[in-house]
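# Notes for the structure review
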Amino acid sequence: MKLGIVGLPNVGKSTLFNSLTKAGAEAANYPFCTIDPNVGIVTVPDERLKLLGDFYKSRKITPAVIEFVDIAGLVKGASKGEGLGNQFLAAIREVDAIVHVVRCFEDGNVIHVDGSVNPLRDIETIELELILADLEVLERRIAKTSRSAMNDKSAAAELKLLKKMQEILSDGRQAKSYQPADEDEEALIASWELLTSKPVIYAANVGEDDLADDGASNPYVAAVKEFAEKEGSGIFVICAKLEEELSELDDDERAEFLADLGLKEAGLEKLIKASYRLLGLMSFLTAGEKETRAWTIRIGTKAPQAAGKIHTDFERGFIRAEVVNYKDLLAAGSYAAAKEKGQVRVEGKEYVMQDGDVVLFRFNV
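In this report, the structure presented in the accompanying data block is examined. Nothing here was measured: the structure is a model prediction, and the numbers come from that model.

Analysis parameters
Residues numbered from 1 in each chain as written. Predicted model: local features only at pLDDT ≥ 70, side-chain atom pairs only at ≥ 80, totals over all residues. Heavy atoms only, no water. Pairing = 2+ DSSP bridges. Helix = DSSP H or I, 4+ residues; strand = E, 2+ residues; numbered from the N terminus. Axes fitted to C-alpha atoms, helices over the stretch in contact; angles between N-to-C directions. Contact = heavy atoms within 4.5 Å. Core = buried A, V, L, I, M, F, W, Y, C linked by side-chain atoms within 4.5 Å. Buried < 20%, exposed > 50% of the residue type's maximum accessible area, 1.4 Å probe, protein only. Salt bridge = Lys/Arg side-chain N within 4 Å of Asp/Glu carboxyl O. Phe/Tyr/Trp six-rings, centres within 6.5 Å; stacked < 30°, edge-to-face > 60°.

## Considerations on the sheet that holds strand β6 (residues 200–205)
- Ordered by their spatial adjacency, 6 strands build an open sheet running β2-β4-β1-β5-β6-β7, and the pairing between neighbours is mixed. Across the chains shown, the open sheet's two edge strands, defined by having one partner strand only, are β2 (38–43) and β7 (234–238). On average, adjacent strands in this sheet sit at an angle of 25° to one another, irrespective of strand direction.
- Across 6 bridges, the pairing between β2 and strand β4 (residues 65–70) is antiparallel. Counterpart to Thr-43 in the pairing with β4 is Val-65.
- Contacts between helix α6 (residues 219–231) and the sheet are confined to β5 (97–103), β6 and β7, with β7 contributing the most and set at about 160° to the helix.

Structure below.
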């Protein structure tokens, strides 16, 4: 999974990136301190992996990973070259979802680029710049496709869809507001890599005092939650400054610190849950002495396609899947015991994978 982090300057964007990736992206109290796209890879916390790794005495444990891309703060006019943001927008065209960091805290020591805290205005500013950037992409595509549309039916169909999308964006709406008529249209739109076609998760960045009730008493957070709900987007509440402090601690210290604050989980866990929920993702597991590993797939994926995540040969030569829920496996004490109890099921090509399945794929190529 690949997530792009966007936001106005000084909303806590790079501070959040630092805390998530520990990559040390520069953070400063002035606009445009991020002058190159920062990329960081983080592992997805999953207690099931440790339990299964201990169970099998696995030599290697491989978690799922998320790639974060942090770009320079966007400002009004970014799509026309204002600030530094526009030159980095291309860096997030390939992401699966956008994490939009919104400032929901007051602090006279931290400059706001527009002079005051107003998260809905900030969201509108960023969304407009993404729309304008997408319109540029469409204009170039229309110019290119128009040349071949006269003699090519598929090009003519694409041109018609391009103009329809151009009209939607020109009206101030996002690309994702359009419902594709069929899979062909869906594939075409996906190939354009429009920023406004991507799912959005709002990171409401609050002060430490607002974390205890998850921002429930913060009017800025309430406004963002209402907006996200109407838009069908995800949202989570975070204190980027606190997260950066947490990122410097080891696992035991972090757990103790969170407990002292009355918090159940850190911001990374919140973001991962929001991302998986928004994108409809889940994990299945493979386990053994050699390696225990998590594999990320879409909810609803069938067994052969899940096998293909491991290797294309597994999907091509799929015979069956031997499946057991990780809790049943651990409770049974051994794979053989789980099999004796009938908890290891033999599933065919139509089996829909479930979160927490431990799978052994049988194949023949």
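After that view of the structure, there is still more to cover.
## Quick look at the nonpolar core
- Residues Phe-68, Ile-92 and Leu-271 are the most contacted members of the largest nonpolar core, which totals 69 residues.
- No other element matches the 6 residues that helix α9 (residues 267–279) contributes to this core.
- Counting 17 residues, the second-largest nonpolar core is a separate cluster that includes Leu-135, Val-137, Leu-138 and Trp-192.

## Describing the environment of Phe-105
- Positionally, Phe-105 belongs in the loop between β5 and α3 (119–149).
- The spatial distance from the C-alpha of Phe-105 to the C-alpha of Ala-204 is 9.0 Å, given a sequence separation of 99 residues.
- In contact with Phe-105, other than residues within four places in its own chain, are Val-11, Val-117, Asn-205, Val-206, Gly-207 and Tyr-220.

## With respect to the pattern of salt bridges
- Taken as a whole and judged by the stated rule, the model has 19 salt bridges.
- One salt bridge in this structure joins Asp-214 and Lys-270, with 2.9 Å as the shortest N-O distance. One end of the pair, Asp-214, is in the loop between β6 and α6; the other, Lys-270, is in helix α9, and 56 residues separate them in sequence.
- The closest approach of N and O atoms between Lys-230 and Glu-226, which form a salt bridge, is 3.5 Å.

## Overview of the packing of aromatic side chains
- Tallied over the full model, the rule gives 6 aromatic pairs.
- The interplanar angle of 15° and the centroid separation of 6.4 Å between the aromatic rings of Phe-284 and Trp-295 together place this pair among those described as stacked. Taken together, the positions of Phe-284 in strand β8 (residues 281–286) and Trp-295 in strand β9 (residues 292–298) put the pair 11 residues apart, joining distant regions of the chain.
- Relative accessible area serves as the criterion here: at 11%, Trp-295 is assigned to the buried category.
- With 5.9 Å between their ring centres and 90° between their planes, Phe-284 and Phe-361 make a pair best called edge-to-face. One end of the pair, Phe-284, is in strand β8; the other, Phe-361, is in strand β12 (residues 357–363), with 77 residues separating them in the sequence.

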